[in-house]
Amino acid sequence: MASVSCKDLCKTFSQGDTTITGLDKVSLEIERGSFLCLSGPSGSGKTTLLNAIGGLDQPDSGSISIGELRVDQMSKTELAEMRLHSIGFVFQAYNLIPVLSALENVEFVMQVQGVPAGQRRDKAMAILAEVGLAGMEQRLPAQLSGGQQQRVAVARAIVSEPALVLADEPTANLDSKTSAQLMDLFIELNQTRNITFIIATHDTRVMAYCRRLIRMVDGQIVGDDLQEPAAAAEPS
Amino acid sequence: MSLPLSAITTLAWRNLWRNHRRTLIILAAIVIGVWAMIFMNAMMRGMIDGMVDTGITMLPGHAQVHHRDYLDDPSVVNSIAALSPAAQQALENPDIEAWSARVRVPAIISSERDNRGVILLGVDPAQELGVGFDSTDLLSGRFLESVDDTGLVVGASLLEKLETVSGRRVVLMSQDPDNEVAERGFRIVGVYEADTDAQEERFVYAGRAVVQAMLKMGPEVSEIAIVGNGYRDLGAWLPELRAALTADYQVKDWRELDGYLEMAVNIQDGFVVILAVIIFVVLSFGLVNTMVMAVFERIREIGLMLALGMRPATILSQILLEGLILLSIGLLLGNGLAVLSILPLQSGIDLSGIADAAEMAGMATTLYPVLHINDMLLSSVVVLVLGLLSTLLPAWRASRFDPITALNKN
Ligand SMILES: Nc1ncnc2c1ncn2[C@@H]1O[C@H](COP(=O)(O)OP(=O)(O)O)[C@@H](O)[C@H]1O
Ligand SMILES: [Mg+2]
């Protein structure tokens with residue numbers, strides 16, 4: 001059963017008089033447990049597609065399902081509920097609440113989900129250790145490097161074990177060593193927890209990790225290839 | 001769909017102290033506003049209480065019995081001959097602290113040097129001391145000793161105006177029931193002082209029987225002044241007395257007798273609310289401004305929270321909670337400051353520096369601020385409710401942000 005299914009997605013943005021194409025008849029089937037890359041030049045529609053799948057932006061036409069859920073037909077409240085409980089997000093630019101420590105940022109979503117306090121604390125500590133941030137739990141985002149912040153965001157995204165993680169340019173601000181560590185972590189989570197990953201990137205090093213590589217140009221899918229991931233071989 | 005209270009409380013508290021300076025400034029504004037509101041109210045209440053006190057001393061009493069035509073035509077003709085036994089009985093009510101049956105007529109007082117219009121009061125000193133006259137007000141000499149006392153007690157200011165002194169004789173002139181001139185000489189035996197010069201210049205006291213004889217009016221009186229135990233709420237004796245009076249006589253309370261006093265008391269009650277609203281309107285500009293800035297400064301993280309699946313209601317309550325915390329701290333400090341600043345003033349503020357102006361307003365020269373728990377509560381509730389309402393606007397706007405647009409704001 002396909003975990004994510006998009007059919008004929010179209011989305012346009014109007015900016016003054018001009019109409020900009022965000023998505024142009026995008027159809028895509030993503031199986032559960034996939035590790036998939038959306039690649040393409042800047043402006044090709046990767047973020048727009050991720051936002052549509054995550055229920056953050058309604059497409060103009062077409063349908064999106066995640067499992068049994070028809071994302072394009074859900075109400076705002078239902079979408080929020082779905083994002084909270086079923087999807088982990090790593091956003092491109094801005095991910096952490098500045099007044100909360102690393103630990104609190106990870107705990108925050110669980111708090112809103114209603115996870116009991118003790119359980120929440122243990123899970124957050126464990127996941128931070130897993131992303132290599134043991135000992136930095138009490139630091140505020142401003143006291144962490146870009147890479148460390150990104151890993152807190154990843155920890156936050158996966159801590160409640162969502163079915164799906166949507167990551168938008170997760171390595172954009174990272175050096176190649178940190179990028180590699182982050183991708184290794186994604187691969188590991190994908191394999192051990194069967195979480196579906198959809199990663200938007202134009203970083204070729206990231207693409208190399210993916211089994212399935214989608215290529216987008218001008219809001220259209222122009223390539224959909226299966227490849228042997230070169231993952232762990234990447235030298236640091 | 002319960003709110004994650006602990007999460008939003010942490011967020012609200014930390015966000016509040018993110019910009020220390022801004023928060024402290026608005027906090028100071030709330031504290032000063034609340035303090036001013038309560039402080040000015042206590043002053044106003046003290047002023048009104050002083051006015052009513054003076055007014056009641058002037059009347060005197062909390063209520064008065066008259067002939068039904070006396071208030072329209074306060075002449076000797078409209079006097080009280082005798083009360084019915086039922087009315088006599090009603091005056092024995094334990095809630096009535098004292099009453100005084102007095103003759104009260106307009107008169108001219110003349111010394112060798114000058115004359116003035118006054119109100120001549122023929123009183124029974126035993127009754128009057130609990131009602132219209134206080135022995136501590138006596139400056140020199142003595143008060144009257146009986147209804148037959150031929151002496152006269154006058155105010156210090158009147159004595160000055162008449163350019164005479166205690167011990168000298170003066171002549172009082174009035175009209176008897178047949179409209180004939182009635183006059184009599186009196187020796188000044190006592191001088192009193194009152195809260196206001198007007199009072200001192202207005203009332204002169206003489207023995208009741210002496211005045212009755214001078215006016216050829218028999219054992220009748222003009223009024224019975226009654227003092228209960230507190231002016232705000234008179235109690236059951238008033239309607240009881242009213243029912244016991246025959247049709248010729250009527251009883252009126254101080255509000256009916258002095259419309260100006262009643263107005264003053266009503267103004268006080270309205271003043272609390274008006275002051276609260278005025279100060280609040282000024283405050284709310286700062287508050288709305290602070291909250292709007294606080295919200296738009298963190299538009300991206302609000303977008304983030306919405307994108308992560310937080311409900312708009314959660315965002316709304318978090319920002320409202322911020323306002324609530326800010327207002328609560330401000331109210332606590334403001335109320336505390338008000339109590340601390342009023343307590344040392346409760347022994348009275350000397351207004352003799354502005355005594356003339358104060359007198360014109362019918363006030364005493366010492367102001368005793370009155371701190372009422374109700375005024376504090378009302379001011380606090382007004383600030384809290386209106387404060388939350390003005391936080392609601394930015395909070396509501398924040399909760400309506402489109403997550404993606406907000407998240408990508410620069
Ligand atoms: N909110 C928006 N308003 C106007 N144009 C937009 C908006 N979001 C995206 N676009 C446009 O849609 C196209 C696809 O954008 P995007 O999905 O962000 O591309 P990518 O993530 O691949 O760089 C771009 O041309 C972009 O300028
Ligand atoms: Mg993008």
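Chain A appears in an unreviewed UniProt entry as ABC transporter ATP-binding protein from Candidatus Litorirhabdus singularis.

Engineer: Would you explain the overall build of chain B in this entry?
Structural biologist: Of the regular secondary structure elements, chain B holds 15 helices and 12 strands. Seen through its C-alpha atoms, chain B measures out along the principal axes to roughly 100 × 45 × 30 Å. Split into buried and exposed, the 410 residues of chain B put 51% on the buried side. By sequence separation, contacts in chain B at least 24 residues apart represent 78% of the contacts at least 6 residues apart. Counting only carbon and sulfur atoms, one obtains 59% of the accessible surface of chain B, whose full area is about 18,400 Å². Mean positive and mean negative side-chain charge positions of chain B (29 and 46 charges, respectively) differ by 14 Å.

Engineer: What am I meant to see in the site of ligand 1 here?
Structural biologist: Residues and elements named next belong to chain A. Near ligand 1 the following residues occur: Phe 13, Gln 15, Ile 20, Thr 21, Pro 41, Ser 42, Gly 43, Ser 44, Gly 45, Lys 46, Thr 47 and Thr 48. The side chain of Thr 48 places a nitrogen or oxygen atom 2.5 Å from an oxygen atom of ligand 1. For ligand 1, whose accessible area on its own is 550 Å², the fraction buried by protein is 66%. Elements with a minimum of two residues in the shell around ligand 1: β1 (2-15), β2 (18-31) and α1 (46-53). Per element, the largest residue contribution to the shell around ligand 1 is 3 residues, and it comes from α1.

Engineer: Before we go on, may I ask you to explain the side chain of B:Ser222 in this structure?
Structural biologist: Residues and elements named next belong to chain B. Relative to the helices and strands, Ser 222 is located in the loop between α7 (208-214) and β9 (223-227). Take Ser 222: its relative accessible area is 2%, and that puts it in the buried class. Not counting chain neighbours up to four residues away, the residues in contact with Ser 222 comprise Val 65, His 66, Tyr 70, Ile 80, Arg 102, Val 103 and Arg 104.

Engineer: Would you explain the nonpolar core in this entry?
Structural biologist: Grouped burial of nonpolar side chains is what soluble globular proteins tend to show. Judged by nonpolar contacts, the single largest core of 89 residues is most densely connected at B:Ile109, B:Leu120, B:Leu152 and B:Leu172. The element that contributes the greatest number of residues to this core is helix α2 (residues 20-58) of chain B, accounting for 15 residues. Taken together, domain 1 (5-55 + 262-407) and domain 2 (62-257) of chain B each give at least three residues to this core, which thus spans both. In this structure, A:Leu49, A:Leu50, A:Tyr94 and B:Met305 belong to the second largest nonpolar core, which totals 57 residues.

Engineer: Teacher, can you tell me more about the sheet that holds strand β6 (residues 87-90) of chain A here?
Structural biologist: Sheet strands associate in pairs through backbone hydrogen bonding, adopting either a parallel or an antiparallel arrangement. Residue and element names in this part refer to chain A. With respect to topology, 6 strands assemble into an open sheet ordered β6-β7-β8-β3-β9-β10, the strand pairing being mixed. Of all the strands in the sheet, the pair left with one neighbour each is β6 and β10 (220-226). Averaged over all adjacent pairs, the angle separating strand axes in this sheet is 15°, with direction ignored. Across the sheet, α1 touches β3 (35-39), β6, β7 (164-168), β8 (196-200) and β9 (212-217), and the angle it forms with β7 is around 155°.

Engineer: How do you make sense of the side chain of A:Asn105 when you look at a structure like this?
Structural biologist: All names here are of chain A. Take Asn 105: it is sitting in helix α3 (residues 102-113). We classify Asn 105 as buried; its relative accessible area is 2%. With residues up to four places along the chain from it excluded, the contact list for Asn 105 reads Leu 96, Ile 97, Leu 100, Pro 141, Val 152 and Arg 156.

Engineer: What am I meant to see in the interface of chain B and chain A here?
Structural biologist: How big an interface is tends to be reported as the loss of accessible area on association of its parts. If you look at the interface, chain B gives 22 residues, while chain A gives 24 residues. Here chain B packs against chain A, burying approximately 2,100 Å² in sum over the two surfaces, 68% of which is carbon and sulfur. In this structure, B:Arg14 and A:Glu104 form a salt bridge, with 2.6 Å as the shortest nitrogen-oxygen distance. The tally of links from chain B across to chain A stands at 6 residue pairs in polar contact (both at pLDDT 80 or more). Counting residues per element, the ones that place at least two in the side of chain B that touches chain A are α1 (5-16), α11 (299-307) and α15 (403-407) of chain B. Of the residues belonging to the side of chain B that touches chain A, the class tally is 12 nonpolar, 4 polar and 6 charged.

Engineer: It is not clear to me how a nonpolar patch on the surface should be interpreted in this structure. Could you clarify?
Structural biologist: Residues and elements named next belong to chain B. On the surface, Val 273, Val 277, Val 281, Phe 285 and Leu 378 cluster together into a nonpolar patch covering about 420 Å² of accessible area. The element that contributes the greatest number of residues to the nonpolar patch is helix α10 (residues 259-297), accounting for 4 residues. Within the fold, Val 281 resides in helix α10. The exposure class assigned to Val 281 is partly exposed, which follows from its relative accessible area of 40%.

Engineer: When you look at the packing of aromatic side chains in this model, what are you seeing that I'm missing?
Structural biologist: By convention here, two paired aromatic rings are described through the distance between centres and the angle between planes. Residues and elements named next belong to chain B. A complete count under the given rule lists 11 aromatic pairs over all chains for this structure. An angle of 70° between the planes, with centres 5.7 Å apart, marks the rings of Phe 143 and Tyr 205 as edge-to-face. Pair noted here: Phe 143 is in the loop between β4 (138-141) and β5 (151-155) and Tyr 205 is in strand β8 (residues 203-207), with a separation of 62 residues, a long-range link. With a centroid separation of 5.7 Å and an interplanar angle of 70°, the aromatic rings of Phe 296 and Phe 401 are classed as edge-to-face. Here the residue Phe 296 occupies a position in helix α10, and Phe 401 occupies one in the loop between α14 (373-399) and α15, the gap between them amounting to 105 residues. On the basis of relative accessible area, Phe 401 is assigned to the buried category, the value being 15%. Ring pairing ties together the aromatic residues Phe 133, Phe 143, Tyr 192 and Tyr 205, which thus form one cluster. We note Arg 184 situated over the ring of Phe 186; from NZ or CZ to the ring centre the distance is 5.2 Å.

Engineer: In this structure, what is going on with the pairing of β8(A)? I would like to understand it.
Structural biologist: Remark: a regular strand shows side chains that alternate across the two faces of the sheet. All names here are of chain A. By the criterion of burial, β8 is predominantly enclosed, with 5 of the 5 residues buried. Residues Thr 196, Ile 198 and Ala 200 point to one face of β8 and Phe 197 and Ile 199 to the other, with burial holding for every one of them. Examined bridge by bridge, β3 and β8 share 4 bridges and lie parallel to one another. Each residue of the ladder has a partner; that of Phe 35, found in β8, is Phe 197. In terms of handedness, the path from β7 via helix α6 (residues 176-193) over to β8 forms a crossover that is right-handed.

Rules behind the numbers
Residues numbered from 1 in each chain as written. Chains lettered and ligands numbered in written order. Predicted model: local features only at pLDDT ≥ 70, side-chain atom pairs only at ≥ 80, totals over all residues. Heavy atoms only, no water. Helix = DSSP H or I, 4+ residues; strand = E, 2+ residues; numbered from the N terminus. Buried < 20%, exposed > 50% of the residue type's maximum accessible area, 1.4 Å probe, protein only. Contact = heavy atoms within 4.5 Å. Areas by Shrake-Rupley, 256 points an atom, 1.4 Å probe, with all protein chains shown as cover. Lys, Arg positive; Asp, Glu negative; His and termini not counted. Charge placed at Lys NZ, Arg CZ, Asp CG, Glu CD. Near = heavy atom within 4 Å. Polar contact = N/O pair within 3.5 Å; in protein donor to acceptor, adjacent residues only side chain to side chain. Core = buried A, V, L, I, M, F, W, Y, C linked by side-chain atoms within 4.5 Å. Domains from an automatic or database assignment. Pairing = 2+ DSSP bridges. Axes fitted to C-alpha atoms, helices over the stretch in contact; angles between N-to-C directions. Buried area = accessible area lost by both parts, 1.4 Å probe. Salt bridge = Lys/Arg side-chain N within 4 Å of Asp/Glu carboxyl O. Nonpolar A, V, L, I, M, F, W, Y, C, P; charged D, E, K, R; others polar. Patch = residues over 30% accessible without salt bridge, like charges linked within 9 Å, V, L, I, M, F, W, Y side chains within 5 Å. Phe/Tyr/Trp six-rings, centres within 6.5 Å; stacked < 30°, edge-to-face > 60°. Lys NZ or Arg CZ within 6 Å of the ring centre and 35° of its normal. Right-handed = clockwise from strand over helix to strand, strands pointing away.

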